[in-house]
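Here's the letter readout for the chains.
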Amino acid sequence: MLTRQCQVLISDILPKNLPPQAIIVGEEGVPFSKAMNLLGREFEHIVFDGRNGIHLEALAIAAGTMKMGGMLCLLLSDWENLAQCPDQDSLRWNGTEAMICTPNFIHHFKQCLKDYSFPILTAQSAVDFPQVFHQAETKKQAAPKTQATKAQQQIIERILQQQSDLYFLTAKRGRGKSALLGLLINQIETPIYLTAPNKSAVNILCDFAERRFTFLAPDELNARLQQDSRFSENAWLLVDEAAMIPLPLLQRFAQHFKYIVFSTTIHSYEGTGRGFLLKFKQKIDRTFQHVELQQPLRWQANDALEGFIEDLLLLNVEDKFKPINYNAQMAIQINEIAQPQLIRSIETFYGLMTLAHYRTSPIDLRRLLDGEKQRFYFAESTHHLLGAVWALEEGGMRNEKLIEQIQQGKRRPKGNLVPQALCFHANLPQACRLSSLRISRIAVQPNWQQRGIGQNLIEFCLKANVDFLSVSFGYTRELACFWQKCGFVLVHLGEHQEASSGCYSAIALRGISEQGQELVQIAHQQFQRNIGLSFHPLAENITNEKMDWLLAEDDWQSLKNFADFHRTLFSTIPAIRRLLKNKGEENFPHILAYLTKKQFPYDKKKSVECFRLEIKRYLKELL
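Residues numbered from 1 in each chain as written. Predicted model: local features only at pLDDT ≥ 70, side-chain atom pairs only at ≥ 80, totals over all residues. Heavy atoms only, no water.

(A) Molecular detail of empty space enclosed by the protein. The full count for this structure, using the stated rule, is five cavities of 30 Å³ or more. Taken as a whole, the largest cavity spans an internal volume of roughly 290 Å³. Together, 21 residues line the largest cavity, and H425, H492, F527, N530 and S571 are the ones closest to its centre. Mapped by element, the contributors of at least two residues to the lining of the largest cavity are β20 (489-497), α21 (514-531), α23 (553-564) and α24 (569-583). For the lining of the largest cavity, the residue count by class is eight nonpolar, nine polar and four charged. (1 Å grid on protein atoms, 1.4 Å probe; cavity = no way out; pocket = protein on both sides within 12 Å on 5 of 7 lines; lining within 4 Å. Points joined across faces, edges and corners; volume = space filled by probe spheres on them. Helix = DSSP H or I, 4+ residues; strand = E, 2+ residues; numbered from the N terminus. Nonpolar A, V, L, I, M, F, W, Y, C, P; charged D, E, K, R; others polar.)

(B) Molecular detail of the pattern of salt bridges. Counted under the stated rule, the structure contains 28 salt bridges. The partner of D87 in a salt bridge is R366, with the nearest N and O atoms 2.9 Å apart. Here R366 lies in helix α15 (residues 362-370) and D87 lies in strand β6 (residues 86-87), a separation of 279 residues in the sequence. With relative accessibility at 5%, the residue D87 sits in the buried group. Between R375 and E393 there is a salt bridge, with its nearest N and O atoms 2.9 Å apart. Of this pair, R375 sits in strand β16 (residues 374-381) while E393 sits in strand β17 (residues 384-395), and the two are 18 residues apart along the sequence. Classification of E393 as partly exposed rests on a relative accessible area of 31%. One network of salt bridges, with partners in common, ties together E57, D87, D89, R92 and R366. (Salt bridge = Lys/Arg side-chain N within 4 Å of Asp/Glu carboxyl O. Buried < 20%, exposed > 50% of the residue type's maximum accessible area, 1.4 Å probe, protein only.)

(C) Fine view of unusual backbone geometry. For K373, which is not glycine, the phi torsion reads 55 degrees and is therefore positive. Note on placement: K373 falls in the loop between α15 and β16. On the basis of relative accessibility, which here comes to 56%, the residue K373 falls in the exposed class. Non-glycine residue F535 carries a positive phi angle of around 65 degrees. Here F535 shows up in the loop between α21 and α22 (539-542). On the basis of relative accessible area, F535 is assigned to the partly exposed category, the value being 33%.

(D) Region of interest: the nonpolar core. Of all hydrophobic cores here, the largest spans 65 residues; its most connected members are I23, L59, F109, F308, I309, L312 and F349. If we skip the residues at most four places from it in the chain, F109 touches I54, L74, L76, W79, L82, F308 and L312. Formed by 37 residues, the second largest nonpolar core is a distinct cluster that contains Y377, L437, I439 and I458. (Core = buried A, V, L, I, M, F, W, Y, C linked by side-chain atoms within 4.5 Å. Contact = heavy atoms within 4.5 Å.)

(E) The packing of helix α14 (residues 346-356) against α15, seen in detail. Packing of α14 against α15 leaves a shortest axis separation of 12 Å and a crossing angle of 140 degrees. Overall, the two elements α14 and α15 adopt an arrangement that is oblique. Classified by chirality, the crossing of α15 by α14 is right-handed. Across the interface between the two elements, I346, F349 and Y350 from α14 touch P362, D364, L365, L368 and L369 from α15. Looking at side-chain class alone, the contact of α14 with α15 contains seven nonpolar, no polar and one charged residues. (Axes fitted to C-alpha atoms, helices over the stretch in contact; angles between N-to-C directions. Parallel < 35°, antiparallel > 145°, perpendicular 65-115°, else oblique. Left-handed = near helix turned anticlockwise from the far one by under 90°.)

Written out as structure tokens, the structure is:
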């Protein structure tokens, strides 16, 4: 049996001079943050250095690049006391400046290793294993087989029949999905464009493609379509790892290309393809077919390492989650669930979150298991989970010096996303002092949506002993309307579109205590007053109010923080426009040129420094 295996090596048997690495392939050490660069390559052996912490996405990527019969070696610093060891990976997801121990994840991790009988090698082990580091080399790859398997050929022929506009190709990793796309390219005579979130991930596709095609990164393809969409008229578009590309971009591509194949990995670290299909199909009105590759090619069926990774990352919980049909007679109870109780039923909760949010990822699993300051609310009926809210405690800060530095842009400590945004962008330091609860995720079973469950969950959250509720989301009219129905008001819009969603980030609030309601009112009024003068692309869609050109106290504070500290130009534009309107444009030649032409006089950094100096000089003359 050429099944792939895993073994754990404890650092007390490691060579003392071994440099700390992340993923070691041959002589190459790849940091966890660069693990995606391994996609599109194949290895016989991999050494995964988890001595300082376990980065689950990187571990899944490493396992997915291994060949049949390969060996994954996990390096750990301890075994017996692993649950008491601070995990450096917690700095990514816990929202604190210090590492924490992760006992719940370690329990889950050890149980998965036990279930697959992977060996744990220590100094007391009978096996002497330091030589593994000399064996962990990448062997020369054989030339790829250029013939399609029977399953691949059937799918290629089905696509070429062109009975639908769009095709969704899904597969777990290692099933020959990229090879299929390369072989498909060979049988298409019209121009072909390929896009993917990571060009290095399409190396295998290129090995199988014998005719030329044009690769364009998603943002580059979008720009080309905006400039001149005629090039797409007679062309095919292949989208690899589509679930990693923002839905609005995919929708835009679907508007221009006649034939498209969307290919994505399911049950993987980047978000599941099934959730992606559910979301995307709701937003298109073109004909489509779904095809899937199931037989593994890079390793055998029932591969031990694949099973281990799937169990460790809970990749199958979406399939195990059983949606139920809507029944108006079913009684629904909403309760707060303690974290230990949630962990006991984590597969159900994680399955619902994955179904509702296709970008649910291993970092969410790590946070769920051991993250601090979390709250969970379940809507249930006869042991069926119908909906849930996952919330994070924020605010309650008492360090006034730190709050001042946040407002000035000098500090941005981890955590407290909404309080820090309000303090910095809206000059509302009281947002940091007050306690709040941020709705991180809300999910309702598909058959039970539009039945008021989401709104009832939010109403239940009002029982929390905090000053206000907050939510940060990618702005769409649909989501904005939902949060408005839940009693929230919009108080902030981000400057740039987020890469993950293609939307502008938005913050909405709902007050609870008297102080919280006062904060929400001030923040909303301030937002409505400034959005019309902000040059934001969504400004016309949000406000119908007349322009307020009066220079208020908040404007002077914004100008001072811009001139003397690190406040952004974008956040200060309304105050700057009021200043020029009321105090004369002649004192601000560089700013006036920017506002008139909508372009920087120099490069952005130098231009902003000129703007700061002009404001600073004027404020100094007023003293």
